[in-house]
Amino acid sequence: MVVADQLQGDMQRIALELLGAARGLAEKLGVKVQALVMGHELGDMPQRLIWNGADEVFVVDQPELKEYTTLTYRRAVISVLKTLPRPPHIVLCGATTIGRDLAPRIAAYFETGLTADCTELDIGDYEHKGKADPAKVGTYNNCLYAIRPSFGESLKARIIGPWKNPQMATARAGVMVPVGEDTTRTGKITAVPVSFEQSDFRVKVIETVRDMSKTVDLTKAKVIVSGGFGLGSADGFSVVSDLASAFKDSAVGSSRKAVDAGWIPYAHQVGQTGKSVRPELYIALGISGAIQHRVGMSNSHTIIAVNKDEKAPIFQFAHYGIVGDLYDVAPILKEQLSKAMKAAGKEA
Ligand SMILES: Cc1cc2nc3c(=O)[nH]c(=O)nc-3n(C[C@H](O)[C@H](O)[C@H](O)COP(=O)(O)OP(=O)(O)OC[C@H]3O[C@@H](n4cnc5c(N)ncnc54)[C@H](O)[C@@H]3O)c2cc1C
C-alpha cells in the first residue's frame, strides 16, 4: 500500500514515484497495489492514482483533513488499515515532511519496523540462522528489501524486517520511476468515513503560507545546471542561471558546499542531504563530484561536468567531461547546446 502525499489539493510527484515502485514489488509478489489518499476536496486524485498504477484506492475526504496534522492523519490512516482483513504486506510512504512524520506513527501502531530514506526497494527471501534470536530461526519468503545508502553513502545497506507486517519504508523523492499515466487503467475506489476524537485536534493549523520564492522543484526539471564551490562566490550563480535559462523546464542546483557558504538557499542542494534528482541532462559547473553529491544525481540520463582539475572525481562518472575554467566554458556551452538543439529541431 502506498500512502499518497498531497499538499493543499495538489498530488505530489512522490505519490506517483511510489506507485511505480509498488507496481514492481506487487508484480513480484503477485498481489494488487493499493493506495491511500487523505485530505479534503480531493477531486480526481483517487482516479489519477489508478491511472498511475494503483489497483484499489482508499479515500478519506473530510474537512478535518484539509490541513495536515499528525494526529488527524494518523487517525485516518489507522482507521483505513483497520478496515482491512489483515495488515498490508508492505506500506510505503514518501520521505517527505509529511511521510517522515506519518510513517513512524503507522509503524509504532503496528509495532513493526521502518526503514527511512530508501533509494531502492526489492523483494527477496531471508534465512535467519538465529544466533541472536533462536526463536526466529527459519526462512522468510517475500521480504521487503529496503535498500539505502549507509556509512556516509559509501555502502548500500539492505534492511529487512520479516517478522511482522506491514513491512515499511519511506523512499526518497526523485529516485523511483513512475509508470506513467494511462487513462484506460481501471480500479476500485473505496471511500472510508473516519470518526475523529477530540484529542486528535490538540494541534490547530491557523494558516498555511507557502513561500513560493523559495520553492525550487528540482525533481520535476528536465535539465538541471548546478554550481559548486568552484564558482568562487555567490555571484557565480548568475552564470549557472544563465546557462539554465537556455533550456525549457530547467532548474538551478548546487552542491552543499555552495549552500553552506551561503551562496544559494538549501532548496537548491542536490545530494545525500539535499534532493535526489534524475533529469534528462545534469550540468555540473565547478563541482568536484564527492560521493555525497554523486548519490543525488548519478541517475541523471546525461551528465556533463566542467572542472578545471582533470583529476576531479566527477570525471569518473560524467558522460561528458570538459576540463577548463567554468567561466570560459559555460557561455560556449550555452551557445553550442542551443545551436545543437535548434539543429535537431528541439526547442531549447
Ligand atoms: C554527511 C554529509 C552529507 C553531505 N551531503 C551533501 C549533499 O547533499 N550534497 C553535496 O553536494 N555535498 C554533500 N556533502 C559535502 C560533500 O562531501 C562535498 O564537500 C561537497 O559536495 C563539495 O562541494 P563542491 O564539489 O562544490 O566543492 P569542492 O569539493 O571544493 O569542489 C570544487 C571544484 O571546483 C573546481 N573548480 C574550482 N574553480 C573552478 C573554475 N573556475 N572552473 C572550473 N572548476 C573549478 C575544483 O577543481 C573542484 O573540483 C556532504 C558531506 C557529508 C559529510
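Residues numbered from 1 in each chain as written. Predicted model: local features only at pLDDT ≥ 70, side-chain atom pairs only at ≥ 80, totals over all residues. Heavy atoms only, no water.

**Q** Looking at this structure, how should I read the overall build of the chain?
**A** Along its length, the chain carries eight helices and 17 strands. For the chain, the C-alpha radius of gyration of 22 Å lies close to 20 Å, the compact-globule estimate for 348 residues. A principal-axis box enclosing the C-alpha atoms of the chain has dimensions of 65 × 50 × 40 Å. Residue burial in the chain is summarised as follows: out of 348 residues, 48% are buried. Sequence-distant contacts, at least 24 apart, represent 63% of the contacts inside the chain between residues at least 6 apart. When the accessible surface of the chain is totalled, it reaches about 17,500 Å², and 51% of it is carbon and sulfur. In the chain, which carries 40 positive and 38 negative side-chain charges, the distance between the mean positions of the two groups comes to 4 Å. (Helix = DSSP H or I, 4+ residues; strand = E, 2+ residues; numbered from the N terminus. Rg over C-alpha atoms; globule rule 2.2 N^0.38 Å. Buried < 20%, exposed > 50% of the residue type's maximum accessible area, 1.4 Å probe, protein only. Contact = heavy atoms within 4.5 Å. Areas by Shrake-Rupley, 256 points an atom, 1.4 Å probe, with all protein chains shown as cover. Lys, Arg positive; Asp, Glu negative; His and termini not counted. Charge placed at Lys NZ, Arg CZ, Asp CG, Glu CD.)

**Q** It is not clear to me how the packing of aromatic side chains should be interpreted in this structure. Could you clarify?
**A** Both the distance between ring centres and the angle between the ring planes are used here to describe each pair of aromatic rings. Evaluation of the coordinates by the stated rule reveals seven aromatic pairs. Summarising the aromatic geometry, the rings of Tyr-109 and Phe-110 are spaced 5.1 Å apart at their centres and angled 90 degrees between planes, so their arrangement reads as edge-to-face. With a centroid separation of 5.1 Å and 5 degrees between ring planes, the pair formed by Phe-229 and Trp-263 is classed as stacked. Here Trp-263 lies in the loop between helix 6 (256–260) and strand 15 (281–285) and Phe-229 lies in the loop between strand 13 (223–227) and helix 5 (237–244), a separation of 34 residues in the sequence. Here a set of aromatic residues connected by ring pairs shows up, and it is made of Tyr-126, Tyr-140 and Trp-163. Across from the ring centre of Trp-163, 4.9 Å away, lies the NZ or CZ of Lys-136, which sits over that ring. A cation over an aromatic ring shows up here: Arg-158 above the ring of Tyr-145, its NZ or CZ 4.2 Å from the ring centre. (Phe/Tyr/Trp six-rings, centres within 6.5 Å; stacked < 30°, edge-to-face > 60°. Lys NZ or Arg CZ within 6 Å of the ring centre and 35° of its normal.)

**Q** Teacher, can you tell me more about the site of the ligand here?
**A** The ligand sits among 24 residues. The nearest are Phe-229, Ser-255, Thr-273, Ser-288 and Asn-307. Here an oxygen atom of the ligand and a backbone polar atom of Phe-229 are 2.7 Å apart. In this structure, Gly-286 approaches the ligand through a main-chain N or O atom, which is 3.1 Å from an oxygen atom. For the ligand, whose unbound accessible area comes to 980 Å², protein coverage reaches 76%. Counting only elements with at least two residues in the shell around the ligand, the list comes to helix 6 and helix 7 (291–297). (Near = heavy atom within 4 Å. Polar contact = N/O pair within 3.5 Å; in protein donor to acceptor, adjacent residues only side chain to side chain.)

**Q** Mind showing me how you'd approach unusual backbone geometry here?
**A** If a residue is not glycine, its phi is most likely negative; likewise, a peptide bond is most likely trans. With an omega of -5 degrees, the peptide bond between Asn-165 and Pro-166 qualifies as cis. Residue position: Pro-166 is located in the loop between strand 10 (155–159) and strand 11 (167–171). A positive phi angle, close to 55 degrees, is found at Asn-142, a residue other than glycine. Looking at where Asn-142 falls in the secondary structure, it is placed in strand 9 (residues 138–150). Residue classification places Asn-142 among the partly exposed residues on the basis of a relative accessible area of 34%.

**Q** How should I be thinking about the sheet that holds strand 9 in this particular structure?
**A** One key point about sheets: their strands pair by backbone hydrogen bonds, in either a parallel or an antiparallel sense. A sheet is described by the order of its strands in space; here three strands give the open sequence 8-9-10, paired in antiparallel fashion. A strand with exactly one partner marks an edge of an open sheet, and here the two such strands are strand 8 (120–128) and strand 10. When the angles between neighbouring strand axes are averaged without regard to direction, this sheet yields 40 degrees. The pairing of strand 9 with strand 10 spans five bridges and is classified as antiparallel. Bridge pairing in strand 10 places Pro-149 opposite Lys-156. (Pairing = 2+ DSSP bridges. Axes fitted to C-alpha atoms, helices over the stretch in contact; angles between N-to-C directions.)

**Q** Please explain the sheet that holds strand 15 as it appears in this structure.
**A** Across the sheet, which stays open at both edges, the five strands sit in the order 14-13-15-16-17 with parallel pairing between neighbours. The strands lining the two open edges of the sheet, one partner per strand, are strand 14 (250–254) and strand 17 (320–323). Averaged over all pairs of adjacent strands, the angle between strand axes in this sheet comes to 15 degrees, irrespective of strand direction. Sheet topology note: the strand 15/strand 16 (residues 302–307) ladder contains five bridges and is parallel. Paired with Leu-285 across the two strands is Val-306, which belongs to strand 16. In the packing of helix 5 onto the sheet, the strands contacted are strand 13, strand 14 and strand 15, and the crossing angle to strand 14 comes to about 150 degrees.

**Q** I tried to follow the nonpolar core on my own but got confused; where do I start?
**A** Grouped burial of nonpolar side chains is what soluble globular proteins tend to show. In this structure, Val-37, Leu-49, Val-57, Leu-92 and Leu-121 are the most contacted members of the largest nonpolar core, which totals 33 residues. Sorting elements by how many residues they give to this core places helix 1 (residues 13–29) first, with ten residues. Residues within four places of Leu-121 in sequence aside, it is in contact with Ala-21, Leu-25, Leu-92, Leu-144, Tyr-145, Ala-146, Ala-169 and Met-176. By size, the runner-up hydrophobic cluster in this structure holds 25 residues, among which are Met-38, Val-80, Ile-106 and Ala-107. (Core = buried A, V, L, I, M, F, W, Y, C linked by side-chain atoms within 4.5 Å.)

**Q** Where do I start with the environment of Val-179 in this structure?
**A** Locating Val-179 in the fold gives a position in the loop between strand 11 and strand 12 (188–191). On a C-alpha basis, the gap between Val-179 and Val-252 in space is 26 Å, while along the polypeptide they are 73 residues apart. The contact partners of Val-179, leaving out residues within four places of it in the chain, are Gly-20, Arg-23, Asn-52 and Gly-53.

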